[in-house]
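What follows is the residue order along each chain.
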Amino acid sequence: MKKIFTLIMAAALVSGVASARDKITTDVNELPESARTLLSQYYHGAGVSRIKIDSKISGQSDYEVVLDDGTEIEFAHDGSLKEIESGRDGVVPENLILKSIRDYVSTNYVGRKIVSMDVERNGYDIELSDGVELKFNKSGKVLSVED
């Protein structure tokens, strides 16, 4: 029992130290250039509610941007897009989505919108406005559908 308590306390301490490295700001200039470019191109005029800069032990940082409408956008340390979750009935900007994925969704899910997109090493996870989740490979070929 004492070992379990010690492990729990150690985990809490490590988690507390890790979260102490996070920085919260609203200064868009703290983002990498490519992240700033994406925001200005696709979310021009949208207010930034907060930016969480998650500093890693490696010295690199990931970024989570929350816009005033509730849209959440995550960027990797280099400013590349990792994830978008649209807020308040929004949609993922069309030009951020591969054409083959857009075509598949518009053909097979008429009237539904893409509200979330995760960019992963092996492909894309897409969520539609009705909750359907689709997985695509890097070239945009559908791999799986979850209703």
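Coordinates for the structure precede this section.
All values reported here derive from a predicted model rather than from experimental measurement.

Visitor: It is not clear to me how the side chain of Thr71 should be interpreted in this structure. Could you clarify?
Guide: The residue Thr71 is located in the loop between strand 3 (61-67) and strand 4 (72-75) in this model. On the basis of relative accessible area, Thr71 is assigned to the buried category, the value being 2%. Within the local environment of Thr71, its side chain forms a polar contact with the side chain of Asp69, the two groups lying 2.8 Å apart. Residues contacting Thr71, with those up to four places away along its chain left out, are Tyr43, Val65, Val66, Ile84, Glu85, Ser86 and Gly87.

Visitor: When you look at the pairing of strand 3 in this model, what are you seeing that I'm missing?
Guide: Moving residue by residue along a regular strand, the side chains alternate between the two faces of the sheet. In terms of burial, strand 3 is a largely internal element, 7 of the 7 residues being buried. Sheet topology note: the strand 2 (residues 48-55)/strand 3 ladder contains 7 bridges and is antiparallel. Its bridge partner being in strand 3, Ile51 is matched across the sheet by Val65. Bridge count for strand 3 against strand 4 is 4 bridges, and the pairing is antiparallel. For Glu64, the partnering residue across the bridge sits in strand 4 and is Glu74. Between the end of strand 3 and the start of strand 4, which pair antiparallel, lie 4 residues, with Gly70 showing a positive phi angle near 95 degrees.

Visitor: How do you make sense of a negative patch on the surface when you look at a structure like this?
Guide: Among the surface-exposed residues, Glu72, Glu85, Glu127, Glu133, Glu146 and Asp147 lie close enough to one another that they form a single negatively charged patch. Residue position: Glu72 is located in strand 4. Among the residues examined, Glu72 registers a relative accessible area of 32% and is labelled partly exposed.

Visitor: Just to check I follow, could you spell out the nonpolar core for this structure?
Guide: A general feature of soluble globular proteins is that nonpolar side chains tend to end up buried together. Judged by nonpolar contacts, the single largest core of 28 residues is most densely connected at Phe75 and Ile126. Discounting chain neighbours no more than four positions away, the residues touching Phe75 are Ala35, Leu38, Leu39, Asp62, Tyr63, Val65, Ser80, Leu81 and Lys82.

Conventions used here
Residues numbered from 1 in each chain as written. Predicted model: local features only at pLDDT ≥ 70, side-chain atom pairs only at ≥ 80, totals over all residues. Heavy atoms only, no water. Helix = DSSP H or I, 4+ residues; strand = E, 2+ residues; numbered from the N terminus. Buried < 20%, exposed > 50% of the residue type's maximum accessible area, 1.4 Å probe, protein only. Polar contact = N/O pair within 3.5 Å; in protein donor to acceptor, adjacent residues only side chain to side chain. Contact = heavy atoms within 4.5 Å. Pairing = 2+ DSSP bridges. Patch = residues over 30% accessible without salt bridge, like charges linked within 9 Å, V, L, I, M, F, W, Y side chains within 5 Å. Areas by Shrake-Rupley, 256 points an atom, 1.4 Å probe, with all protein chains shown as cover. Salt bridge = Lys/Arg side-chain N within 4 Å of Asp/Glu carboxyl O. Lys, Arg positive; Asp, Glu negative; His and termini not counted. Charge placed at Lys NZ, Arg CZ, Asp CG, Glu CD. Core = buried A, V, L, I, M, F, W, Y, C linked by side-chain atoms within 4.5 Å.

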